[in-house]
Amino acid sequence: MNEIVDCPRCGALYAKNAFRDVCPACSRSEEELYQAAYTFLRKRENRAATMERIVEVTGATEEMIYKWVKKGRLQAAQFPNLGYPCDRCGAIIQRGKLCSKCVDEIESDLKQHDREQQFASERQDDHQKTYLGKRFN
């Protein structure tokens, strides 16, 4: 169901849906900026342009370009200097949500946590063992 919200860019009210995160007027202007950026990048000499150069020439913001790369509208494989920030550390990546360094750190932390849990359960098992001795009467 659509929700009535303020446009984050201009403040106008609009019905937010799964396809649009800004009002129709801002969406049209974003689409024009996208077309300008895509046209600029399609030229052979501009395919390796940096983010700063694209922003300077087209007028699109870095956030817009990140959004287009994340959504797959601009393919990072075709334009090697494009990417978007890692959700955890902010390093520029070209696919997924996390960079390889963050993935490795999280995997390492999970393995450490598993080792600690295993050690704790083994320690608890050792304390619960009961030794029965022979009774003398």
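Since the structure is predicted, the reported quantities are computational estimates derived from the model, not experimental observations.

## Examining helix H2 (residues 51–58)
And then number 1: Restricting attention to buried positions, one finds in H2 the residues Met51, Ile54 and Thr58. What you see down the axis of H2 is that its buried residues fit within an arc of 65°, all on one side. Projecting away from the buried face of H2 at angles above 90 degrees are the exposed residues Glu52 and Glu56.
And then number 2: The inward-facing, buried residues of H2 abut helix H1 (24–42) and helix H3 (62–71).
And then number 3: Once H2 finishes, Gly59 follows within two positions and takes phi at roughly 90°, a positive value.

## What to know about the packing of H2 against H3
And then number 1: At a closest axis distance of 10 Å, the pairing of H2 and H3 adopts a crossing angle of 115°. Here H2 lies roughly perpendicular to H3, going by the angle between them. Along this stretch, H2 crosses H3, giving a crossing that reads as right-handed. Residue-level inspection shows Met51, Glu52, Ile54 and Val55 of H2 in contact with H3, the latter providing Glu62, Ile65 and Tyr66.
And then number 2: Grouping the constituent residues of the contact of H2 with H3 by class yields five nonpolar, no polar and two charged.

## A look at the pairing of strand S1 (residues 3–6)
And then number 1: Relative to strand S2 (residues 13–16), S1 runs antiparallel, the two sharing four bridges. Each bridged residue has a counterpart across the sheet, and for Asp6 the counterpart in S2 is Leu13.
And then number 2: As consecutive antiparallel partners, S1 and S2 are separated by six residues, and within that stretch Gly11 has a phi angle of approximately 90°, a positive value.

## Some details on the nonpolar core
And then number 1: Judged by nonpolar contacts, the single largest core of 23 residues is most densely connected at Leu41, Ile54, Ile65, Trp68, Val69, Leu74 and Leu82.
And then number 2: Of all the secondary-structure elements, those providing two or more residues to this core are H1, H2 and H3.
And then number 3: Those residues in contact with Ile54 that sit more than four places away from it in its chain are Ala37, Phe40, Leu41, Ala49, Gly59, Ile65 and Leu82.
And then number 4: Val5, Tyr14, Val22 and Cys23 belong to the second-largest nonpolar core, a separate cluster that totals six residues.

## Thoughts on the pattern of salt bridges
And then number 1: Under the counting rule described, the total for this entry stands at seven salt bridges.
And then number 2: The closest approach of N and O atoms between Lys67 and Asp21, which form a salt bridge, is 3.5 Å. Of this pair, Lys67 sits in helix H3 while Asp21 sits in the loop between S2 and H1; the two residues are 46 residues apart in sequence, bridging distant segments of the chain.
And then number 3: Classification of Asp21 by relative accessible area gives partly exposed; the value is 33%.

About the cut-offs
- Residues numbered from 1 in each chain as written.
- Predicted model: local features only at pLDDT ≥ 70, side-chain atom pairs only at ≥ 80, totals over all residues.
- Heavy atoms only, no water.
- Buried < 20%, exposed > 50% of the residue type's maximum accessible area, 1.4 Å probe, protein only.
- Helix = DSSP H or I, 4+ residues; strand = E, 2+ residues; numbered from the N terminus.
- Arc of directions from axis to C-beta.
- Contact = heavy atoms within 4.5 Å.
- Axes fitted to C-alpha atoms, helices over the stretch in contact; angles between N-to-C directions.
- Parallel < 35°, antiparallel > 145°, perpendicular 65-115°, else oblique.
- Left-handed = near helix turned anticlockwise from the far one by under 90°.
- Nonpolar A, V, L, I, M, F, W, Y, C, P; charged D, E, K, R; others polar.
- Pairing = 2+ DSSP bridges.
- Core = buried A, V, L, I, M, F, W, Y, C linked by side-chain atoms within 4.5 Å.
- Salt bridge = Lys/Arg side-chain N within 4 Å of Asp/Glu carboxyl O.

Interpretation in functional terms is not warranted from these geometric data alone.
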